[in-house]
Each structure stands twice: as C-alpha cells, then as structure tokens.
Amino acid sequence: MALVRLLMEAAPISAWSVAGIIHVHHGIRGDEADADERFVQVFADRFGLRCEVCHVDVPAARRLTRQSLEATARRLRYEAFAAAAGRLGATRVATGHTADDQAETVLLRLLRGGSMRGLSGVRATRGIYVRPLLGFRRRDLRAALTAWGQTYREDCTNTDLEVPRNRLRHHLMPVLEGDWPGGVAALARFADIARDDERDLSETAVVIGRRAIVSEATGVQLIVEPLAAASPAVARRVIRDAIEQAGGVSSLASIEAVRQLASGSAGSEARVRGLVARRTRAGIHLGPPAPVVHSGAFEYELRVPGSLEIGETGASMHSSLLKGADIPISRLGPDRAAIQEGGVVVPLSVRSRRPGDRFRPLGAPGSRKLQDVLVDRRIPRDLRDRLPVVTDARGRIVWVAGVAIAHECRVTTPAAGMIILELKKGNP
C-alpha cells in the first residue's frame, strides 16, 4: 500500500504513469485472502486504477513440484505478474521490497551458506521488475501510511515461525536492531558491494569459461588447465557456470566438491545436485547420473501430526508433536526417532532412496553418500530400497528409518518442540 501511494504521488511529475495494480491470490489463507482481494479492489476503485486480480493454487502446485511453500508461491506470483503486466500494457512491475527485506535476505542466505551471488541480495532492477523502496525502512513506510490515513492489511503467514525468514524477522532482527541500530543499513550496503564484486568476477569467469567449459552430448567437460590458472574466486564461478550449463543445481558445497576433483586422480567422482562429476584425463565431466531403476519406488507426504501407509513395503509411518517436555533416550530405538521441530520444514515426505542421496548421520563429521552409510551399517542389499527415507519440505534427509537421523535435525532443546517419528513394520 505504501508503494502504490508513493507511485501515485510521484506519477504526475514523472515521465511514467501507474498502469494499475496487480493482486495475486495464492489460494492459501481462505477467507482472509478473499478479504485482502476485496480490500485491494475497493482501493483501486477509489483511486480509479485498473486492478488485475490473479488466482493461483499454491498448495496444488507444491504437491506436484515438492518445492517449499514459499518457493512455489514466489514462482507462481512472478508468473502472474508477467502475465498481468501484459494485460495492463505495463513495461515495468514495481514490488515493495524494503531495506529490511534486503537485510533479512542477506542474513538468511549467509546463515544458509550462500555464495556471493546470493549475498548480493535483492536487486533494484531485474528484467521488467523494479524495487524502488529498497532504500526505505519498513517502519518509515508504516509511518507514511499513518500520515496519509491509509489503512492496510497484515498477512497472518508473516507470523508463522515455521518459515525460516519469519523466525529470523521476529527473533534475530529485533536483537540486531537493539544492539546494532545501523545494522540493517550496513547489510543493505554490503549487498550493493557484493553485487558489484559478483558482477566483475562473473564477467571474468565467462571469459575463462569459453576455454574451460566444453559442451558434450552427455553433459559438460571442464578443462582443468585454465581452471587451475584462475584465482579461487574466479574458478568457483567457472565451476558454477559449468554445473548450471550441465543442468545441475550449484551450491557452495557442490562447487567445492568439483574444485577438489581438479587435483584428484582419474576416475574419482563427486555428487552434485542433479549431476555426477567425474575426473577424466581431459578434465572433469559433469553429466546426469546413470539411471538406476528401483523396484517398488515410493513417495508419500507425511503431515505432523499424521500417519500414512507405505503400500510397497506394508509398513506405516506415524508422526506426533511433543512440546514442553523431554523424552527418555531409552524410549527411542532404530524404528523411533526424535527430531527438533525447528530444524525441519513441514510437511515431511517418506520415500525410497534415490541415486545421489546424501546426508550427515548423527555424530558424523560431515555429509556422506547414503549408499556408503548403508554399506557401513551392514544393511542387506535387498532391504536398502525398502528403507523409508524421511525428508523435509526442502528435500533434506531428516531420518533414514532404522539407520540414523540427520545430525542437523538432532534434538538440542527438547522444550522448544520435538517431532516424534515411528516406523511400524508390516509384511509386504
């Protein structure tokens, strides 16, 4: 609301005009979302603005893609923006991201181990999208709305502490604001600096990539010599470009894994999300993993609390939520696990293992291939494809039933809430 009011104030003295308002109904919040839609339409009618209302079904789309609720909503929202802009005849779409949003984005990506590209934060311009409020604090915009006598609505999902950004916003940002009053502005400035550095280093990486990245029918070949001659900062970006060109998903962990292969021996391998990186005599080959066909593959959604039947194995999985209490370790066993509620994003999924699965077993020094863990734990080969693998909404492995929970999901604060998972075995 602050964005549209400011744009309306500026339009008469600018070379542009406000084509209209785009409102996206995500199909998540029921009556509250319907009321938001009516509120926006009344506002648009009051000021004589065209209003494009777009309805999308985020829950349905999420079931198909297995992305998080937030990622699915963002994708559908921007698809709706682009289509509605065409109907309005608009050449730009302005969104209301603020300096607070920028600071939250930088911190969240930093805590998740983001790259410099991620730490560049929200861009002021990208394609048709502009974000004119990145220099404004959220509190100043609320003050402006009060001065205008302009009412607005709050989205109840902004208080949902299962969403990582909301936890950061409500728990960490107030501490930052209290102890470091200039922290939000400093993080926003850092994003600007990171963006400039990322742009120049990426341009250099593109030049080197023309010699280092060779497309092949089965993927991409990464030539080691020009990679070794580049600085680590540039080499990481060349590897990132190679991974993405081969159809994989780049992350700091996958980039570093490929970097280590550069000094490895021929035949050594590393798993990258969606790809296998294999050291060859010529360099490093990045391509899709060889297809592995598992009989009886399965995947089911598990609500918390909730239960499901795994028809392929005859077993069932149950989840419950325990708050404000402890649970004796003696009550846990190979078929029962406790995980920290705040350490996962629900809903959970229960599925069979997949090629490339990795996780960090409880107490292990780092991430390992699930296949290697199963071999070390002496799990019989004929049982491995029937072991339920529990993942969260981000796709991270939470628990391999009967084997181990993920170290990062272990219970550290029982009173803060635990999810209890229990596998009841049956006869297939």
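This text gives an overview of the structure that appears in the document. (Residues numbered from 1 in each chain as written. Predicted model: local features only at pLDDT ≥ 70, side-chain atom pairs only at ≥ 80, totals over all residues. Heavy atoms only, no water.)

1. Describing helix 11 (residues 232-245)
Worth spelling out the cut-off: For helices the rule is a DSSP run of H or I covering at least 4 residues; for strands it is a run of E covering at least 2, with both sets numbered from the N terminus onward. The length a helix should cover is 1.5 Å for every residue beyond the first. Classification of residues uses two cut-offs on accessible area relative to the type maximum, computed with a 1.4 Å probe and protein chains only: under 20% is buried, over 50% is exposed, and between them is partly exposed.
In this model helix 11 runs 20 Å from its N-terminal to its C-terminal C-alpha over 14 residues, within 8% of the 20 Å that 1.5 Å per residue would give. Buried within helix 11 are the following residues: V234, A235, R237, V238, I239, R240, A242 and I243. G247, located one to two residues past helix 11, shows a positive phi value of around 95°.

2. Notes on the pattern of salt bridges
Selection rule: We define a salt bridge as a contact between a side-chain nitrogen of Lys or Arg and a carboxyl oxygen of Asp or Glu at a distance within 4 Å.
Taken as a whole, this structure holds 33 salt bridges when the rule is applied. Of the charged contacts in the structure, one is a salt bridge between D385 and R353, with a shortest N-O distance of 2.7 Å. Of this pair, D385 sits in the loop between helix 14 (381-384) and strand 18 (389-391) while R353 sits in the loop between strand 15 (348-351) and strand 16 (358-359), and the two are 32 residues apart along the sequence. Within this structure, R29, E32, D36, R153 and D155 form a network of salt bridges that share partners.

3. Notes on the sheet that holds strand 13 (residues 315-322)
Where we set the bar: Pairing between two strands requires that DSSP report at least two bridges joining them. Each axis is a line fitted through C-alpha atoms, taken for helices only over the stretch in contact, and angles between the N-to-C directions span 0 to 180 degrees.
The antiparallel open sheet is built from four strands, whose spatial order is 12-13-21-14. The open sheet terminates on both sides in strands that have one partner only, identified here as strand 12 (306-310) and strand 14 (336-340). Ignoring which end each strand starts from, the neighbouring axes of this sheet average 20° apart. Sheet topology note: the strand 14/strand 21 (residues 418-424) ladder contains five bridges and is antiparallel.

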